[in-house]
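# A closer look at the structure
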Amino acid sequence: MDDVYYTIGMAGHIDHGKTTLTKALTNIDTDRLKEEKERSISIELGYAPLRTEDGTHISIVDVPGHERFIRQMIAGVAGIDLVVLVIAADEGVMPQTREHVEILEFLGIQHCIVAISKMDRVDEEMLELVAEDVKDGLAGTIFSNAPFVYVDSLSGNGISMLKQTIRDALTEVDHRDAYGSFRLPIDQVFSVQGQGTVVRGTIYEGIIQKGSQLTLLPKGKKVKARQIQVHHQDQDQARAGQRTAINLSGVDRDEVSRGNVLVSSDHFLVTDTVDVVLQFVDELTIPIKQRAPVKIHVGTSEVMGKIVFFDRNEVQQESDEVLCQIRLDENVVVRRGDRFILRRPTPVETLGGGWIIQPKGGKYRFGAETIQMLRKKQEGTPKDLIDDVLAKHLLLDEKELIQLTSLDENELKETIEKEIADGNIIKVSNQKYGLTKIFLKLKDGVIDQLEGYHNDFPMRLGMPKAELVQFFSGLYPKSFVEFGITKLMQDEDIQKTDQFIAISTFTPHLPKRWKARMEEIIDQLQADNVEVKKWEEYVAATPLSKNEGAELATYLVQSDQAYRLTDDMLVHRTSFEAALAKLRKQTGETFGLKEAKDVLNVSRKFLIPFLELLDQLKWTTRLEDKRKWRINSEE
Ligand SMILES: Nc1nc2c(ncn2[C@@H]2O[C@H](COP(=O)(O)OP(=O)(O)OP(=O)(O)O)[C@@H](O)[C@H]2O)c(=O)[nH]1
């Protein structure tokens, strides 16, 4: 069985004893380590390993200062399996206790324990009263059913009980599997003498191996994981949930900052507009207005932005969730489902939090329609998510679909396979996907367009492809039109001859209106054998226009009914073939100009272009003053 890793977060009001409790549990003084943070890669700021006899690996995250707490909690949310809320017996629930609880709720933390610290500072009777107060204070929160443990971190009283409670609580936590693409939001960067750039963070998802090639987003810089450490120890790999330090090669210290994200695949996109579900704190001091400046904490980044509502102009007090958008001043790297906290820059306060329903939002109109669309995204099944991004972008490959929907690769593949089988999605050879219903609209348009074209130009092979693409490029992106044409060809609805596109059942033919006249010309041409007149003379003898005559000439050549003898002369196929047969029969392996003239009995005016046509059609090869029949053209 794989090793199991858990991370526990410490939360609570200032001075309530988080660091002391962490030390009592792990024997590590995280405050002391803090001072040494710049000195060595092996020191984990605020993170201490808790060893248990059964081999479970537990990291304790001690997060002192307030801002830092939020950042660490969000950064570690994928890694935090359990939170221990520390409340001092001599103070009880304090404002920051409440704020932490609120934040933990926004972050979707589910497993928790309440540790009443400093039990030695109050007598037993008082302890009971405090416990009652705390229970009241936490009613209706995620802590309402949490187990209570009483500790004195200085003497160690209650610590083994707390360890046992932690172990019990962890049995309820689902094992995190490390599937998915590797992602590590960076929360610390520094350089180590002789080793270069080192970054730290909690691995959100996936596994990293020593030596892996990684990409640093949002810049897109390629880097390599030269060395990996987890709790001071060199490791060959690290996985989701583990607090990890990575020594990177290929990047300088000043090219990396907190909030950057290390990834191992191209499944992540960089965005500055996110669609979100937002829940507000119980009491807002002042209303949040449309486009109010806000600070979003997501991953390890803290970015300024503005809030955009689609169904209101301000929020005063709102207990229901609100679907809205955050437009950011800088790029972030997020996926659907990522949690965030929203704070007001001035006066500083937590406004609320929620999760990202679409990592790359668009520009939407104010009104119920947008809310409905966002609701669909929020509730969306993988199918809805895929359909939604395809409806917007029309044509996407697998990588783009993963970036936009945040589905994992297997889920995406399965859903697409099913959608293709159900006929909702189509795929063409270039590995792009599109919605069948949009493709069918394009198909109708293309067929209509071609029908019109065939009607106007029945003698032509079809519409030049460039012209067809151009026509639809005003209605769809060019790549989608190309995709549609390729698909229609695969389905044999249309066909392509050279660069001409036609409906597959179409064959070029003489237009009804001129059929008789044109047939006259063709008969006349045939009757003239090789000694043909200039093409325009045949046309001039009829009421046909020059253009119509030119179209007819092209048609006859393309349909192999005639050959071009010169730029302005055609020869009928049967005349050509008769002359060819006669010449072959009456000449040897090679023949000269005079010999040919004697056999065919025509003037040089016709003979020279006729012989050149033979060369061109590869019946003959020209030697100095003779022509040689080509072996491969002999029947
Ligand atoms: N008597 C007693 N004192 C404690 C106990 N736990 C912590 N203290 C003391 O309370 C003070 C604050 O403890 P810390 O562990 O630094 O508190 P903290 O919650 O980490 O503080 P911040 O990091 O500033 O939020 C220190 O002086 C500790 O020695 C306890 O169980 N009993």
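Chains are numbered independently. Their residues run from 1 in the order of the written sequence. In view of the model being predicted, local features appear only for residues whose pLDDT reaches at least 70, and side-chain atom pairs are presented and counted only at 80 or more, with totals across whole chains, interfaces and linings using the full set of residues. Hydrogens and water molecules were not included; the side-chain quantities draw on all heavy atoms of the structure.

This part is about the overall build of the chain. Think of it this way: any DSSP run of H or I at least four residues long counts as a helix, any run of E at least two long counts as a strand, and we number them from the N terminus. Scanning the chain from terminus to terminus reveals 19 helices and 34 strands. When burial is assessed residue by residue, the chain has 51% of its 635 residues classed as buried. Between two residues, a contact is recorded if the distance between any of their heavy atoms is within 4.5 Å. Restricting the contact set of the chain to residue pairs at least 6 apart, pairs at least 24 apart contribute 68%. What sets the accessible areas is the Shrake-Rupley method with a 1.4 Å probe; for residues, cover comes only from the shown protein chains. For the chain, the exposed area adds up to about 30,400 Å²; of that, 46% sits on carbon and sulfur atoms. Accessibility here uses a 1.4 Å probe with only protein chains present; expressed as a share of the type maximum, an area under 20% marks a residue as buried, one over 50% as exposed, and anything in between as partly exposed.

Here the focus is the layout of surface pockets. Considering only enclosed or pocket space, the second largest pocket measures out at about 730 Å³ in volume. Forming the walls of the second largest pocket are 32 residues, and the residues nearest its centre are Arg98, Glu102, Glu105, Val281 and Asp282. Looking at the lining of the second largest pocket, the elements that each hand over two or more residues are helix 4 (95–106), strand 17 (270–280) and strand 24 (349–358). The leading source of residues in the lining of the second largest pocket is helix 4, at 9 residues. Under the convention adopted here, Pro, Cys and the residues Ala, Val, Leu, Ile, Met, Phe, Trp and Tyr are nonpolar, Asp, Glu, Lys and Arg are charged, and Gly plus all remaining residues are polar. Partitioned by chemical class, the residues of the lining of the second largest pocket number 11 nonpolar, 11 polar and 10 charged. Domain delimitation in this document rests on an assignment produced automatically or drawn from a domain database. Each of domain 1 (4–170) and domain 3 (269–379) gives at least three residues to the lining of the second largest pocket. Cavities and pockets are found on a 1 Å grid laid over the protein atoms alone: a cavity is a set of points where a 1.4 Å probe fits but cannot escape, a pocket is an open set with protein on both sides within 12 Å along at least five of seven lines, and a lining residue has an atom within 4 Å of such a point. Grid points are joined across faces, edges and corners, and a volume is the space filled by probe spheres set on the points.

Right, let's get into the sheet that holds strand 32 (residues 590–592). As a general point, the strands of a sheet are linked pairwise by backbone hydrogen bonds and lie either parallel or antiparallel. Two strands pair under a simple rule: DSSP has to find at least two bridges between them. Reading across the sheet, the 3 strands line up as 32-34-33 and stay open at both edges, with antiparallel pairing between neighbours. Two strands bound the open sheet, and with one partner strand each, they are strand 32 and strand 33 (620–622). In this sheet, adjacent strand axes meet at a mean angle of 30° when their direction is disregarded. Relative to strand 34 (residues 626–629), strand 32 is paired through 3 bridges, and the arrangement is antiparallel. For Thr590, the partnering residue across the bridge sits in strand 34 and is Lys628. Think of each axis as a best-fit line through the C-alpha atoms, taken over the contacting stretch in the case of a helix, with angles from 0 to 180 degrees between the N-to-C directions. Sheet strands in contact with helix 19 (residues 604–616) are strand 32, strand 33 and strand 34, and its direction is about 110° off that of strand 33.

A few words now on the pairing of strand 1 (residues 5–12). Every regular strand shows the same layout, with side chains that alternate between the two sheet faces. With 7 of its 8 residues buried, strand 1 lies for the most part within the structure. The sheet contact formed by strand 1 and strand 3 (residues 57–62) spans 6 bridges and is parallel. Within strand 3, the position partnered with Thr7 by the bridge is Ser59. In this sheet, strand 4 (residues 82–88) lies alongside strand 1 in parallel orientation, the contact comprising 5 bridges. Residue Gly9 lies in a different strand from strand 4, and its bridge partner there is Val83.

In this text, buried Ala, Val, Leu, Ile, Met, Phe, Trp, Tyr and Cys residues form a nonpolar core when linked through side-chain atoms within 4.5 Å. Of all hydrophobic cores here, the largest spans 50 residues; its most connected members are Val114, Val134, Phe143, Ile307, Ile326 and Leu342. Per-element accounting of this core gives the leading share, 5 residues, to strand 22 (residues 322–333). For this core, the domains that each give at least three residues are domain 1 (4–170) and domain 3 (269–379). Beyond its immediate sequence surroundings of up to four residues, Val134 is in contact with Ile87, Val93, Val114, Ile116 and Phe148. Ranked by size, the runner-up nonpolar core spans 41 residues in total, among them Ile386, Ile425, Leu450 and Ala502.

To describe a pair of aromatic rings, you give the distance between the ring centres and the angle between the ring planes. Here a pair means two rings of Phe, Tyr or Trp (six-membered ring of Trp) with centres within 6.5 Å. Their orientation is stacked below 30 degrees between planes, edge-to-face above 60, and tilted elsewhere. This structure, assessed with the given rule, holds 9 aromatic pairs. The interplanar angle of 55° and the centroid separation of 5.5 Å between the aromatic rings of Phe576 and Phe610 together place this pair among those described as tilted. With Phe576 in helix 17 (residues 573–586) and Phe610 in helix 19, this residue pair connects regions lying 34 residues apart in the sequence. Taking the relative accessible area as the measure of exposure, Phe576 reaches 1% and is therefore buried. Directly above the aromatic system of Phe148 lies the positively charged group of Lys135, at a separation of 4.5 Å from the ring centroid. Think of it as a cone above the ring: NZ of Lys or CZ of Arg counts as a charge over the ring if it is within 6 Å of the ring centre and within 35 degrees of the ring normal. Directly above the ring of Phe457 sits Arg460, whose terminal nitrogen or CZ lies 3.8 Å from the centroid.

Looking now at unusual backbone geometry. Pro218 follows Leu217 through a cis peptide bond whose omega is 5°. Turning to its location among the elements, Pro218 is positioned in the loop between strand 11 (213–217) and strand 12 (221–230). One non-glycine residue, Leu394, lies in the positive phi region at around 65°. Along the polypeptide, Leu394 turns up in the loop between helix 8 (382–393) and helix 9 (398–405). The phi dihedral of Glu492 falls on the positive side, at around 60°, and the residue is not glycine. Locating Glu492 in the fold gives a position in the loop between helix 13 (478–490) and strand 28 (494–497). For Glu492, a relative accessible area of 61% gives the class exposed.

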